[in-house]
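# Residue-level structural notes
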Amino acid sequence: MSEQHPHPPVSVLGLGTMGTALATALLGAGHPVTVWNRTQTKADPVVAGGAARAADAAEAVRAGEIVLTCLLDHTSVHDVLDAHTGALAGRVLVNVTNTTPEESAELAAWAAGHGIDFLDGGIMAVPPQIGTPEAFVLYSGSRRALDTARTALAALGDVRYLGTDPGLAALQDMALLSAMYGMYGGILHAFALVRTGGVSAREFAPVLARWLGGASGLAVPTAEQIDNADYALDVTSNVTMQAAAYDSLCDLARARGVDPLLLEPFGGLLRRRVAEGHGHEDATGVIDYLTTTTSPGEHA
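Now for a description of the structure that goes with this document. (Residues numbered from 1 in each chain as written. Predicted model: local features only at pLDDT ≥ 70, side-chain atom pairs only at ≥ 80, totals over all residues. Heavy atoms only, no water.)

### Focus: the overall build of the protein chain
A tally of regular secondary structure across the protein chain gives twelve helices and eight strands. Its C-alpha atoms give the protein chain principal-axis dimensions of roughly 65 × 45 × 30 Å. In the protein chain, which comprises 300 residues, the share counted as buried stands at 40%. Sequence separation of 24 or more characterises 60% of the internal contacts of the protein chain that already satisfy a separation of 6 or more. By element, 58% of the accessible surface of the protein chain is carried by carbon and sulfur atoms, the whole surface being about 15500 Å². (Helix = DSSP H or I, 4+ residues; strand = E, 2+ residues; numbered from the N terminus. Buried < 20%, exposed > 50% of the residue type's maximum accessible area, 1.4 Å probe, protein only. Contact = heavy atoms within 4.5 Å. Areas by Shrake-Rupley, 256 points an atom, 1.4 Å probe, with all protein chains shown as cover.)

### So, the pattern of salt bridges
Working definition: two side chains of opposite charge can pair if their charged atoms are close together. Tallied over the full model, the rule gives nine salt bridges. The partner of arginine 271 in a salt bridge is aspartate 247, with the nearest N and O atoms 2.6 Å apart. Within this pair, whereas arginine 271 is found in helix H12 (residues 264–275), its partner aspartate 247 is found in helix H11 (residues 239–255), the two being separated by 24 residues in sequence. Accessibility expressed as a relative area gives 41% for arginine 271, which makes it partly exposed. A network of salt bridges, in which partner residues are shared, links Asp251, Arg254 and Glu264. (Salt bridge = Lys/Arg side-chain N within 4 Å of Asp/Glu carboxyl O.)

### Brief notes about the packing of aromatic side chains
One pair of aromatic rings is described through two measures. These are the centre distance and the angle between the planes. Counted under the stated rule, the structure contains two aromatic pairs. Ring geometry for phenylalanine 191 and phenylalanine 204: centres 6.1 Å apart, planes at 80°, overall edge-to-face. Here the residue phenylalanine 191 occupies a position in helix H8 (residues 168–195), and phenylalanine 204 occupies one in helix H9 (residues 201–215), the gap between them amounting to 13 residues. Positioned above the aromatic ring of phenylalanine 136 is the side chain of arginine 160, whose terminal nitrogen or guanidinium carbon lies 4.6 Å from the ring centre. A cation over a ring is seen here: arginine 272 above tyrosine 289, with NZ or CZ 3.7 Å from the ring centre. (Phe/Tyr/Trp six-rings, centres within 6.5 Å; stacked < 30°, edge-to-face > 60°. Lys NZ or Arg CZ within 6 Å of the ring centre and 35° of its normal.)

### What about the packing of H8 against H9?
A pair of packed helices is captured by two measures, namely the crossing angle of their axes and the spacing between those axes. Here H8 crosses H9 at 140°, and the two axes come no closer than 10 Å. Judged on the interaxial angle alone, H9 and H8 are oblique. Judged by the twist between their axes, the crossing of H8 over H9 is right-handed. Seen from H8, the contacting residues are Met183, Ile187, Ala190, Phe191 and Val194; seen from H9, they are Ala201, Phe204, Ala205, Leu208 and Leu212. Partitioned by chemical class, the residues of the contact of H8 with H9 number ten nonpolar, no polar and no charged. (Axes fitted to C-alpha atoms, helices over the stretch in contact; angles between N-to-C directions. Parallel < 35°, antiparallel > 145°, perpendicular 65-115°, else oblique. Left-handed = near helix turned anticlockwise from the far one by under 90°. Nonpolar A, V, L, I, M, F, W, Y, C, P; charged D, E, K, R; others polar.)

### Quick look at the environment of methionine 174
Within the secondary structure, methionine 174 sits in helix H8. Take methionine 174: its relative accessible area is 28%, and that puts it in the partly exposed class. For methionine 174 and proline 101, which are 73 residues apart along the polypeptide, the C-alpha to C-alpha distance reads 9.0 Å.

### Points about unusual backbone geometry
At alanine 229, a residue that is not glycine, the phi angle is positive and equals roughly 50°. Tracing the chain through its elements places alanine 229 in the loop between helix H10 (219–227) and H11. Positioned with a positive phi, aspartate 234 is a non-glycine residue whose angle comes to about 50°. Structurally, aspartate 234 is set in the loop between H10 and H11.

### Looking at the environment of alanine 135
In this structure, alanine 135 sits in the loop between strand E6 (117–124) and strand E7 (136–141). The class for alanine 135 is buried, based on a relative accessible area of 1%. The spatial distance from the C-alpha of alanine 135 to the C-alpha of aspartate 158 is 6.2 Å, given a sequence separation of 23 residues. With near-sequence residues (within four places) excluded, alanine 135 lies in contact with Met124, Ala125, Gln129, Ile130, Leu156, Gly157 and Asp158.

### Section: the sheet that holds strand E2 (residues 33–36)
Hydrogen bonds along the backbone pair up the strands of a sheet, which may run parallel or antiparallel. As summarised here, the arrangement of the eight strands in space is E3-E2-E1-E4-E5-E6-E7-E8, forming an open sheet in which the pairing is mixed. The open sheet has two free edges, formed respectively by strand E3 (52–53) and strand E8 (158–161), since each of these has just one partner strand. Of the strand pairs in this sheet, strand E5 (residues 92–95) and E6 are connected by four bridges, and their pairing is parallel. If you follow valine 94 over to E6, its bridge partner there is leucine 119. (Pairing = 2+ DSSP bridges.)

### Structural notes on the side chain of aspartate 282
Assignment of secondary structure puts aspartate 282 in the segment after H12. Arginine 273 provides the closest opposite charge to the buried, unpaired aspartate 282, separated from it by 9.7 Å. At 3.3 Å, the side chain of aspartate 282 forms a polar contact with the side chain of glutamine 225. Excluding its chain neighbours within four sequence positions, the residues that come into contact with aspartate 282 are Gln225, Tyr231, Val235, Ser237, Val239 and Gln242. (Lys, Arg positive; Asp, Glu negative; His and termini not counted. Polar contact = N/O pair within 3.5 Å; in protein donor to acceptor, adjacent residues only side chain to side chain.)

Right, here's the structure in full:
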């Protein structure tokens, strides 16, 4: 299919801010694009940019070799597509609607039962980044679907294929978002703290961004400790020291009238590690309080 059509036609179902960005990027890359949305007027900007407007979901499905769904939720995908399985048969369905790994697996099984080649995606970008080097999208599911749709998918952002398990993209998507929100909580606390000293958020932002950029490098050595099941590997700041310093962070916040509710849970876990005899290790061992799984193989 992809060999016959270097720019295969793509249908985009769902034209919220993200769906509109996806359709626009596909048009910019030279793909014929057909769009559909329940509220027809939302299609106006991309139709003005060269997309074809489908009268209904059935027409949109028939128009595309690749059908891209960017809808509200898992239920919405079924609500829109269940009546059109015949038209979808033999096509590639790429779902970038936010779903759980279990929902992605259910969609994959549903698609396989109807002869639909299915790929699930997790978009790691905000709409303005789509089609730029900053965007990347996680995919999992059918390798054949990936190969068929790769040209179109590359127009959206860097293609990261995780494997045939259809739930992997959703799982890693959720994990990355979890890390982002944890970081964002720290960012808000930091801004609240410096504000007590008369420092504006705008003034503090550059040094905060620089610090977080360097701190992100901790992911690599932390991963080594976790996968080696050795939390004492290459320790530079042990838990005993970190727990003591962490108490100071929370004490200062309270003294300055800042509620440390975004910080306190982690501090309690650090103190627990020390109390249980792990003071010589790195803080990585806190992961054992979050999950009983210690080996990636146990997820299989």
